[in-house]
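# Structural features, examined
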Amino acid sequence: MAEVRVNVTRMELLRQKKRLAMAQRGHRLLKQKRDELMHRFMELVEESRGLRERVEEALASGFRSFLLARAEMAKEGLYEALMTGGDSREGSLLAVRMDSVMNVQVPRFALQDSREPYAYGFATTSAELDRALAAFAGALPELIKLAEIEKAMELLAEEIETTRRRVNALEQILIPQLEQNIRFIYMALDEMERSSRAQLLRIKDIIRGVA
Amino acid sequence: MTESLATWWGLPGLAWAFLGSAVAYGLTGIGSALAIAGVARVSNGVLSEDPGKFGQLIVLTALPGTQGFYGFVTAFLILGFFKLLTPGTVLEPRVGFQIFLASLPIAVVGLVSALYQGKVCAAGVSMVAKQPGEAGKAITLGVLVETYAVLGFIASILLLVAIPKP
Amino acid sequence: MNEMVELEYAEGLTEDSGYAFATGSIRVLETRLLTGAQLARLAEAADPAEAWRLLAEAGLAMAAETGWQEYEAALAQELERLYQYARSVSPKPEVVAWLKKRYDFHNLKVFLKAHFLEEDPREAVFGVGEVPAELIAQAVKTAVWSALPEELARAGEAAVAEYERTKAAQAFDFVVDREMFAHLRETARQPFLRGLVELWCDLANLKSALRAKGLGKDRAFLARALVPPGSIPHDRLLELLEFPLEEWPESLKYTPYARLIAAVRAEAGRPVDLGQLDRLSDNFVLARLRATRFSLYGPEPLVAYILAKEMELKAVRIIMVGKINGLPPEELKERLRTSYA
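What you see is a predicted model; the values in this text were computed from it and never measured.

## Notes on the overall build of chain C
Broken down by element type, chain C carries 18 helices and zero strands. By the compact-globule yardstick of 20 Å for 341 residues, chain C fits well, its C-alpha radius of gyration being 21 Å. C-alpha atoms of chain C, sized along the principal axes, occupy 55 × 50 × 45 Å. Here chain C, with 341 residues, has 57% of them falling under the buried criterion. Accessible surface, chain C as shown: approximately 14400 Å² in total, 52% of it carbon and sulfur. Within chain C, the 52 negative side-chain charges are centred at a point lying 3 Å from the centre of the 43 positive side-chain charges.

Structural data, given as structure tokens:
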């Protein structure tokens, strides 16, 4: 074990003991935190799996319809129909606020877009385009939810990792080290006590002999 | 002498005969020319894209031209039968008018049948453009109209033959 | 001289001549349109390259000149070639110009949207318009409408006014589409063209009504989306919106479109199945075009051929997009229109 540099005093022993108690409490708490984080993480994994499937399905059907619309309409016609000006309004489509999960700051998205996806004329466009855009528009809220969950998962995973590292550090290094320190101090104190007692006995003998 | 100076509706016999001859050729000629013009334009259109069809199209295009030919023959027969080109020929107005009437079947039927045959042939041309193998049928259908031009021609000739020659 | 002869013939036989040459050449070109069997074979092609090769063999010049990757450019080029041909065979420019007007109105929409919504118009402009695209772009940008033909100027001004009022991009499409059909109807001279516009208007309106129904829109919305009425008055269509779709065929029983509506509905898996709508209405137009087979001297065959060729280009596009994206042949065949040839 590494070189131990501690003052061999009772004061120090008390200090080390206090530190050990603190480390052990911290260890217990961190372990609980880690377990809870894992629990939350698994929940998110579960949720995201279902959501991802739904989103992928919706997008796939949207792309299929879009493909057909693309086939039905001339390239020029399709481009014209989809010239919507992007988002020329003030502010953004998405409101973001932060939420705390186990002290982890995760973003929450809220879609603030009530606009029609069908911003084109009906007389000269393919009806298939409606279906494609309906599928895309329908998938958008879930897609954003999915982004939210996946970001939260990413942040949680990071937090779990650091917590795990801390638990390990406490468990593997700090606590054994403190324990060793304490043991060392005890032994050193015992040693000192024994030697001082021996000295005392010896002094007593000498005094007795002299007397 | 007195007879040759007589007139019907202001025209002497010779003038009636000339009028018949002119009408016989004039009307059929106009009909054929217009009809061929109509068919030929369709044919030109076809040939502009498919020059190889010329052989099949030429018959259909020329078919409405026969009326003009019948009219021309009729006009010639009138001139020949009644020696109209011989100097000194004199015709009674009665005979001249008969000649005029005799020329009418080919003149009228020729004109009308030529125009309608033109339409049939133009349709035939567009049919041949699509179905090159069916040129025979298209020609046959055009010839059905031709029948009545031929009948008109025969009627005119029979009438001309029936008129007593001087 | 020629003019006089034509005039007499026309008056005597009540058919306007002049297109006889066009008709003749069209009868030959029609035989070169893709047949149903050829389209089916194309749908079965293994990959886009094979489909393109089959097209080249079928005599499509564009397919022989470029690679299949450039199919979209080739289609645009073929369209331009079609109108060049049409112009070269028609004795008077009016009828072809009438058809080309549709592309002008399209370009007007593009430039309006490009200007007001700050979009890039390049990919959306048709090159075959009657009015040069730059002229339209310039007029929209400067709001000096007098440089444009009257009908485009009127449509442009009305669309801008509507957009200023509603701030919705859809306003451009609604107003310009409406003006386009109104203009086409006003300027259709021959009975055939008038009938065609009526058919277009009816189909466009029915399509709008069905789609409005499918998207759950109200009467006010549909009223804005409708183009001038063909044979079905607007009130009738607006009323239809109140009824469930099952009752539409019954309600339209005495129009030619009952079967179209019934067919759209019969394939329903969802509230309204619009998948077949475009195909069915195109087939409807094709049936009307086929009725021109017997005309000889009028513009009907030319118009029918131009529109049939446009639909052929659409069929080629469907096949190429389908092949590039690996749609199964059955599905492609389901999308293909009946052939005009």
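## Quick notes on the domain arrangement of chain C
Residues and elements named next belong to chain C. Each domain of chain C was delimited in the assignment, giving domain 1 (1–92 + 299–341), domain 2 (95–187) and domain 3 (190–294). At the junction of the two partners, domain 1 supplies 14 residues and domain 2 supplies 11 residues. Considering only the side of domain 1, the residues that lose the most area to domain 2 are L79, Y83 and R87, jointly responsible for 48% of the buried surface there. Our enumeration of links across domain 1 and domain 2 arrives at two salt bridges. With a closest N to O distance of 2.7 Å, R102 and E310 form a salt bridge. In this structure, the connection of domain 1 to domain 2 is made through three residue pairs in polar contact (both at pLDDT 80 or more). Listed by contribution, the elements that provide at least two residues to the side of domain 1 that touches domain 2 are α6 (71–89) and α17 (300–324). For the side of domain 1 that touches domain 2, the residue count by class is nine nonpolar, one polar and four charged.

## Focus on the packing of aromatic side chains
Tallying each qualifying case throughout the model produces 25 aromatic pairs over all chains. Here Y103(C) and F126(C) contribute two aromatic rings whose centre-to-centre distance is 4.7 Å and whose plane-to-plane angle is 70°, an arrangement assigned as edge-to-face. With a gap of 23 residues between them, Y103(C) in helix α7 (residues 94–117) and F126(C) in the loop between α7 and α8 (133–142) connect regions that are remote in the sequence. Comparing Y103(C) with F126(C), the two get one shared label, buried. Ring-pair connections join several aromatic residues into one group, and the members of that group are W8(B), W9(B), W16(B), F97(B) and F100(B). A cation over a ring is seen here: R211(C) above F122(A), with NZ or CZ 4.5 Å from the ring centre. The positively charged end of K217(C) is found above the aromatic ring belonging to F221(C), 4.9 Å away from the centroid.

## Let's talk about the interface of chain A and chain C
The interface is formed by 33 residues belonging to chain A together with 47 residues belonging to chain C. In total, chain A and chain C occlude about 3600 Å² of area from one another, counting both sides; carbon and sulfur atoms represent 55% of this. Interface area lost by chain A to chain C is led by E72(A), M83(A) and F122(A), which between them contribute 22%. Run the count over chain A and chain C and you get 16 residue pairs in polar contact (both at pLDDT 80 or more). Of all the secondary structure elements, the ones that give two or more residues to the side of chain A that touches chain C are α1 (10–72), α2 (75–81) and α3 (128–210) of chain A. Tallied by class, residues from the side of chain A that touches chain C come to 15 nonpolar, eight polar and 10 charged.

## Focus: the pairing of strand β1 (residues 94–101) of chain A
Every other side chain in a regular strand lies on the same face of the sheet, so the side chains alternate between the two faces. All names here are of chain A. Where β1 and strand β2 (residues 104–111) come together, eight bridges link them in antiparallel fashion. Bridge pairing links L94 to L111 in β2. In this antiparallel pair of consecutive strands, β1 and β2, the connection spans two residues, and M102 shows a positive phi of 50°.

## Some words on the interface of chain C and chain B
Listed per partner, the contact involves 21 residues of chain C and 19 residues of chain B. Summing both sides of the interface, chain C and chain B together bury roughly 1800 Å²; the carbon and sulfur share of this comes to 67%. For the pair chain C and chain B, the number of links is two salt bridges. Among the ionic pairs, E30(C) bridges to K130(B), the shortest N-O distance being 2.7 Å. Counting across the interface, chain C meets chain B through three residue pairs in polar contact (both at pLDDT 80 or more). Of all the elements in the fold, those that place two or more residues in the side of chain C that touches chain B are α1 (2–13) and α2 (20–30) of chain C. Of all the elements, α2(C) adds the most residues to the side of chain C that touches chain B, at eight residues. Considering only residue class, the side of chain C that touches chain B consists of 10 nonpolar, five polar and six charged.

## As for the environment of A110(A)
All names here are of chain A. Locating A110 in the fold gives a position in strand β2. Look at A110 and you get partly exposed, because its relative accessible area is 37%. The sequence separation of A110 and L94 amounts to 16 residues, and the corresponding C-alpha distance is 5.7 Å. Setting aside residues up to four positions removed in sequence, A110 forms contacts with L93, L94 and A95.

## Notes on the arrangement of the chains
Among the two pairs of chains in contact, the pair with the most contacts is chains A and C. Separated without contact, chain A and chain B have their nearest C-alpha atoms at a distance of 28 Å.

What counts and how
Residues numbered from 1 in each chain as written. Chains lettered and ligands numbered in written order. Predicted model: local features only at pLDDT ≥ 70, side-chain atom pairs only at ≥ 80, totals over all residues. Heavy atoms only, no water. Helix = DSSP H or I, 4+ residues; strand = E, 2+ residues; numbered from the N terminus. Rg over C-alpha atoms; globule rule 2.2 N^0.38 Å. Buried < 20%, exposed > 50% of the residue type's maximum accessible area, 1.4 Å probe, protein only. Areas by Shrake-Rupley, 256 points an atom, 1.4 Å probe, with all protein chains shown as cover. Lys, Arg positive; Asp, Glu negative; His and termini not counted. Charge placed at Lys NZ, Arg CZ, Asp CG, Glu CD. Domains from an automatic or database assignment. Contact = heavy atoms within 4.5 Å. Buried area = accessible area lost by both parts, 1.4 Å probe. Salt bridge = Lys/Arg side-chain N within 4 Å of Asp/Glu carboxyl O. Polar contact = N/O pair within 3.5 Å; in protein donor to acceptor, adjacent residues only side chain to side chain. Nonpolar A, V, L, I, M, F, W, Y, C, P; charged D, E, K, R; others polar. Phe/Tyr/Trp six-rings, centres within 6.5 Å; stacked < 30°, edge-to-face > 60°. Lys NZ or Arg CZ within 6 Å of the ring centre and 35° of its normal. Pairing = 2+ DSSP bridges.

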